[in-house]
Every structure is written in C-alpha cells, then in structure tokens.
Amino acid sequence: MNLLRYWLRLFRIYFHFRKKSTYLPYFPIRLWIEATSRCNFRCIMCPNKHLEKQDKGLMEFGLYQKIIEEAKDFVFDINLAHRGESLLHPQIAEMIRTANQYRIFTKLHTNGSLLTKELSREIISAGLDRLSFSFDGFKKETYEKIRKGGDFNKTVTNIKQFLEIKKSLNSKKPETVIEVIHFDHFSSSQLKKEQELFKNRFKGLPLDSFVTKELHNWAGEIEKEQNKHKYSKCPFPWNALVIFWNGDVLPCTQDFFGHYTVGDVKEQSLKQIWNSSPMVELREKLIHQDIESLKTCSHCDRVWRQRFLGVPKEYLWEFISKKMP
C-alpha cells in the first residue's frame, strides 16, 4: 500500500471515529496475529505467567493461511506477536514470507533469547519489515531481575549477531528497534547514563532506533498508578483486530485473558466479525463512556490519555508516518 492510499484510509478511519459510527463501511487496517501464547520468560510486568495451561498453544499454519487470504485485500500491516514469544513457533519465518508475498507490512516483537544465526538469516530473507527487541534494563542485574528467565549476555550477543548478519547481507530490512520500558524507580540521570553505555554496545551496527516506552497496566492485570487525564475514546475498535492462536478474535491488545471475545476466525470471516453485534455494541459503549460493564475497558489506563483532535496523542505521529509499533 503506497503512502497516499494509506493516508486516505487513515482519514476514512478518523472520519468515522469522530463521526461516532458504530457500523463501519471499511475493514481493519491492522491485525495482531498471535503465533503463540507460550513464552520462555516470566517478566515481572507481564501477565503471561498467569495464563492457564489450556490457554497456551501454537497457531496452526492452515489457520494462519486462512487469515492472510481473507485479510490480504484490506489489511496494511500485521504484528506476528501478542502474548507469547513468537520465535517459539517453528514456522515463524514461513508466516512472515506468506504475508510478505501479498505485500503486507510485517512486524515481529521478540525478547531475542532464541534468535540463532540460522533463524536470523531466515527472518531477513523472508522479508520481515520491522523487528523490535523487548529489552528492559541496561545492565545484567537489572535486566535479569525484570526479565526472569533471561540471560543478559546471551540476549545481547543474539541481538548483535542479528545486526551483524543484517549488515553483512547489506539489507535495509527489517527496520530494527530496541524497546525498553521506563520503570519509575530509575532516576532520569541514572537511566540516561546507563542507556548511553548500553547503546554503545551496538555502535557501527544497523540498529535503526532505540525507544523508551511507558509501562501500561494491561487493563488492570498489573498494578500501576492511573493517569490523571480526561476520558479518551479508544480508537482501536475502529482500526484493528487481535487474533489469538486458537482463532478467538478480540477488539483490543490489552485484553490479555480474552474477557471480550467478539468471534472465532475458524468459524467466521474477519469481515463478518468486524461489524458483528459485539463489535457494534462495544463501539457504542466506548462512544458514550459506558464502560463499567466491560472488564477490560473499565480497568484500562489507555482510555485516560492525552488527546489531540479527539485522538490519543501517544503514537499519533508513528501512525501517520507508517512507523506504528
């Protein structure tokens, strides 16, 4: 999708978001497709460690192909990650390649612990567009306290190895990013100093950006002080869908435990689900700030964000410039 067409679709989404439309004459521009809900870490800020055994699994490749076949004509990008570590899926490179053949912009978010030389080459050759490493803490002690199950030195080596392979292949893709969550117990001066020392580890390598993100509360699943902003209608149900590994479809990434399932892609099409009764009802409730009956929305800190022209300011520029995480 070229930039002009992308902006035109964004304008259409914005128009119906501001108009307070509940039945939408277009289809989602973005998808989160959960390759797996399994994870090899037990991070302190992530609810994954509380998932029940029956909620952990791998998406069948046939189901993935069905999703891509349905979405190829209207979706702009897919995130091949959600609650788990996607590199645990044995066909992750093939998933990327399948989407890439339809020119769907593909993104992958990983803790980097499983990234071997062979897998690095496969991911690059498959045509991945954006790879973000989730890496919290700039020193071994801090990292391993937050990322329980992780090995600081091994993961740093894996990231550097990936960047060296990318450089040797003279490949501009994937855009490679390291993302770090800002935890309040670190002072700004301490954080800045540690960050600079950490970034120097990748000097001369094709790391495209380094991003510090704020911690969110996973819709009340973890404790975090609530923001003091006015209510901000969530735009997510106007532009995207989330698909769990088992085919369950949800309207939001923050609904970690699937409290508000709006369909099953094994039984329904994405187009049917997009304007289904649960989706229309959800949009209606968000418009009128009638969210007390919605377990996820009523506990979520994302509906209390600063706004610009009615849209949450966070990620606004990234969305417009096609660099949305």
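Quick note: structure is the one above.
The sections below set out a description of the structure shown in this document.

What counts, and at which threshold
- Residues numbered from 1 in each chain as written.
- Predicted model: local features only at pLDDT ≥ 70, side-chain atom pairs only at ≥ 80, totals over all residues.
- Heavy atoms only, no water.
- Core = buried A, V, L, I, M, F, W, Y, C linked by side-chain atoms within 4.5 Å.
- Buried < 20%, exposed > 50% of the residue type's maximum accessible area, 1.4 Å probe, protein only.
- Contact = heavy atoms within 4.5 Å.
- Salt bridge = Lys/Arg side-chain N within 4 Å of Asp/Glu carboxyl O.
- Phe/Tyr/Trp six-rings, centres within 6.5 Å; stacked < 30°, edge-to-face > 60°.
- Lys NZ or Arg CZ within 6 Å of the ring centre and 35° of its normal.
- Helix = DSSP H or I, 4+ residues; strand = E, 2+ residues; numbered from the N terminus.
- Pairing = 2+ DSSP bridges.
- Right-handed = clockwise from strand over helix to strand, strands pointing away.
- Patch = residues over 30% accessible without salt bridge, like charges linked within 9 Å, V, L, I, M, F, W, Y side chains within 5 Å.
- Areas by Shrake-Rupley, 256 points an atom, 1.4 Å probe, with all protein chains shown as cover.
- Lys, Arg positive; Asp, Glu negative; His and termini not counted.
- Charge placed at Lys NZ, Arg CZ, Asp CG, Glu CD.
- Axes fitted to C-alpha atoms, helices over the stretch in contact; angles between N-to-C directions.
- Parallel < 35°, antiparallel > 145°, perpendicular 65-115°, else oblique.
- Left-handed = near helix turned anticlockwise from the far one by under 90°.
- Nonpolar A, V, L, I, M, F, W, Y, C, P; charged D, E, K, R; others polar.

### Looking at the nonpolar core
No. 1: Core analysis: the largest hydrophobic core is formed by 87 residues, its most contacted members being Leu31, Ile33, Tyr64 and Ile78.
No. 2: Among all residues touching isoleucine 78, those that are not within four sequence positions of it are Leu31, Ile33, Tyr64, Ile68, Ala99, Ile104, Phe105, Thr106 and Lys107.

### A word on the pattern of salt bridges
No. 1: Under the criterion given, the structure shown has 16 salt bridges.
No. 2: In this structure, the salt-bridge partner of aspartate 290 is lysine 285, at a minimum N-O distance of 3.4 Å.
No. 3: Its relative accessible area of 39% is what places aspartate 290 among the partly exposed residues.
No. 4: Taken together, the salt bridges that share partners define one network made up of Arg30, Asp77 and Lys107.

### Some words on the packing of aromatic side chains
No. 1: What the rule picks out here adds up to 18 aromatic pairs.
No. 2: On the basis of an interplanar angle of 70° and a centroid distance of 5.7 Å, the ring pair of tyrosine 143 and phenylalanine 152 is categorised as edge-to-face.
No. 3: Relative accessible area serves as the criterion here: at 2%, phenylalanine 152 is assigned to the buried category.
No. 4: Among the aromatic residues, ring-to-ring pairing joins Phe135, Phe138, Tyr143, Phe152, Phe198, Phe202 and Phe210 into one connected group.
No. 5: Its guanidinium or amino end placed over the ring of phenylalanine 256, arginine 83 lies 5.9 Å from that ring's centre, counting from NZ or CZ.
No. 6: Above the ring of tryptophan 238, the side-chain terminus of lysine 233 is found at 5.2 Å from the ring centroid.

### Description of the pairing of strand S3 (residues 105-110)
No. 1: Here S3 lies mainly inside the structure; five of its six residues are buried.
No. 2: Across three bridges, the pairing between strand S2 (residues 77-79) and S3 is parallel. Counted as the bridge partner of isoleucine 78 is threonine 106 from S3.
No. 3: Each parallel crossover has a hand, and for S2 linked through helix H3 (residues 92-100) to S3 it is right-handed.
No. 4: Sheet analysis places S3 next to strand S4 (residues 130-134), joined by four bridges and oriented parallel. Among the inter-strand pairings, histidine 109 is bridged to a residue of S4, identified as serine 132.
No. 5: In this fold, S3 hands off to helix H4 (residues 117-126), which returns the chain to S4; that crossover is right-handed.

### Some remarks on a positive patch on the surface
No. 1: There is a patch of like positive charges on the surface, built from Arg18, Lys20, Lys230 and Arg307.
No. 2: Note on placement: arginine 18 falls in helix H1 (residues 3-19).

### What about the packing of helix H2 (residues 61-71) against H3?
No. 1: It is the contact of H2 with H3, at a shortest axis distance of 10 Å, that shows an interaxial angle of 20°. Between H2 and H3, the angle falls in the class roughly parallel. The chirality of how H2 crosses H3 is right-handed. Facing Phe61, Tyr64 and Ile68 of H2, the residues of H3 in contact are Glu94, Met95, Ile96, Thr98 and Ala99.
No. 2: In terms of residue class, the contact of H2 with H3 is made up of six nonpolar, one polar and one charged.

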